[in-house]
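# Remarks on the overall topology
Below, each chain spelled out in residue letters.
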Amino acid sequence: MKKILGIFGLLIFICIATALLSDRFLTSFNIENLIRRSALFGILSIGAAFVIITAGIDLSIGSVVCLIGCLLPWMLVECEMSVPMALTMVTAISLLIGFTHGLLITKVKLQPFVVTLCGLLFYRGLTRGIVQDQTQGFRGDFSSLRTLSQGELSIPGTDFGIPNPCLILVGVTIVAIILLNFTIYGRYMLALGRNETATRFSGVNTDRITILAYVICGLLSGLGGMLFVLDVGSAQPVDFGNFYELYAIAGAVLGGCSLRGGQGTIIGVVIGAAVMQVLKNTITLVDAIPTNIEYAVIGAVILGGVVTDELVKRFAANRGAKMAK
């Protein structure tokens, strides 16, 4: 709870500071766009969080976003598939990607870093090969489908609306909270992240839990890819989704997930993802801040999260040792 309050306080501080430094921050257009982007990256961060909680990592999130984001319009426009068929296909591909990652890590005993780094390269290269490096779009069609990401829930009496991705994020968050905190699978994930050997000796099928975490991450990465392309209307395979895995990981770490595993809250992750997007918005709106330091900010956030986690671990260990004496 303290971590959640801390990151929420940081979010409020950044919002107030940005509002004071730029009169464009509190405009309806900017707030709606900020909420939409925060929701989209929040979905990716939740997927990354499940993997990180089990002491894993997924570096392929951005490339999965690219693959699904390009395949959806390609299937609809070039292959002339029906909407239900195309959605079913890209969902199945997302699940298969996560399942494959889990199998390679648990059965072949490869390191998550290696598996997902190869995925980062493979999925983007595969996408470029399938679509021949051509930008994929909906050509003005499928407007009803695109309302999933572009639409919004209007608030009576105001000119402000809640973007649909925010509503989708709320649904994903509720399901994720229930899974992590109120089911045996969530408890197994947390236990696996803390001590895999002890969890295995206690009778838990740790391979199955690891695969589940990567399947969830693959599914949410695919969902993010669909929503991103529906939002912007087109996807270029060369750079669509570039570095999105960094935003997802940074949001999860900033939200309280320990890279050592075994620790994390879904609400904290959602707030952490929002902080990353507000920081990006601040860099864009405040003239005194150079716009080319965006990735430096992401790197600093991840480093700060890791350093903080290490210091907290040492403090807790020292305190425990003193109490034991």
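Look up a bit, the structure's there.
Residues numbered from 1 in each chain as written. Predicted model: local features only at pLDDT ≥ 70, side-chain atom pairs only at ≥ 80, totals over all residues. Heavy atoms only, no water.

## What to know about the overall build of the chain
If you tally the helices and strands in the chain, you get 13 helices and four strands. Computed over C-alpha atoms, the radius of gyration of the chain comes to 20 Å, within 12% of the 20 Å expected from 2.2 N^0.38 for 325 residues, which places it in the range of a compact globule. Dimensions of the chain, computed from the C-alpha atoms along their principal axes, are close to 70 × 50 × 40 Å. Counting the 325 residues in the chain, one finds 49% classified as buried. Long-range contacts, defined as pairs at least 24 residues apart, comprise 77% of the intrachain contacts of the chain with a sequence gap of at least 6. (Helix = DSSP H or I, 4+ residues; strand = E, 2+ residues; numbered from the N terminus. Rg over C-alpha atoms; globule rule 2.2 N^0.38 Å. Buried < 20%, exposed > 50% of the residue type's maximum accessible area, 1.4 Å probe, protein only. Contact = heavy atoms within 4.5 Å.)

## Some details on the pattern of salt bridges
What the rule picks out here adds up to six salt bridges. For the salt bridge of R36 with D231, the shortest nitrogen-to-oxygen distance reads 3.6 Å. With a gap of 195 residues between them, R36 in helix α2 (residues 28-53) and D231 in helix α10 (residues 206-232) connect regions that are remote in the sequence. Judged by its relative accessible area of 10%, R36 is buried. (Salt bridge = Lys/Arg side-chain N within 4 Å of Asp/Glu carboxyl O.)

## Quick word on the environment of S234
Positionally, S234 belongs in strand β4 (residues 234-235). Setting aside residues no more than four positions away along its own chain, S234 makes contact with T135, Q136, G137, V229 and F240.

## Regarding unusual backbone geometry
Here the phi dihedral of Q132 falls at roughly 55°; this positive angle occurs in a residue that is not glycine. By the secondary structure assignment, Q132 is in the loop between α5 (112-131) and β1 (136-137). In this structure Q132 comes out as exposed when scored by relative accessible area, which is 56%. The phi angle at R139 is positive, at roughly 55°, despite the residue not being glycine.

## Some words on the state of the cysteines
Scanning the entire structure with this criterion turns up zero disulfides. The thiol of C15 is unpaired, and the distance to the nearest cysteine sulfur, on C166, comes to 14 Å. Exposure remark for C15: the relative accessible area of 21% places this residue in the partly exposed category. No disulfide involves C79; its sulfur sits 13 Å from that of C70, the nearest cysteine. Classification of C79 by relative accessible area gives partly exposed; the value is 35%. (Disulfide = S-S within 2.5 Å.)

## Considering helix α8 (residues 184-194)
When we look at burial in α8, the residues that qualify are G186, M189, L190, L192 and G193. Along the long axis of α8, the arc covered by the buried residues comes to 160°, so they all point the same way. Contact partners of the buried residues in α8: α2, α7 (164-182), α9 (196-201) and α10. (Arc of directions from axis to C-beta.)

## Brief notes about helix α3 (residues 61-78)
The terminal C-alpha atoms of α3 lie 25 Å apart, and with 18 residues this matches the ideal 26 Å at 1.5 Å per residue to within 8%. Across the 18 residues of α3, 16 count as buried, placing the element largely inside the fold. Trailing α3 by a residue or two, E80 shows a phi angle of about 55°, which is positive. (Expected span 1.5 Å × (residues − 1).)

Nothing here speaks to function; it is all geometry.
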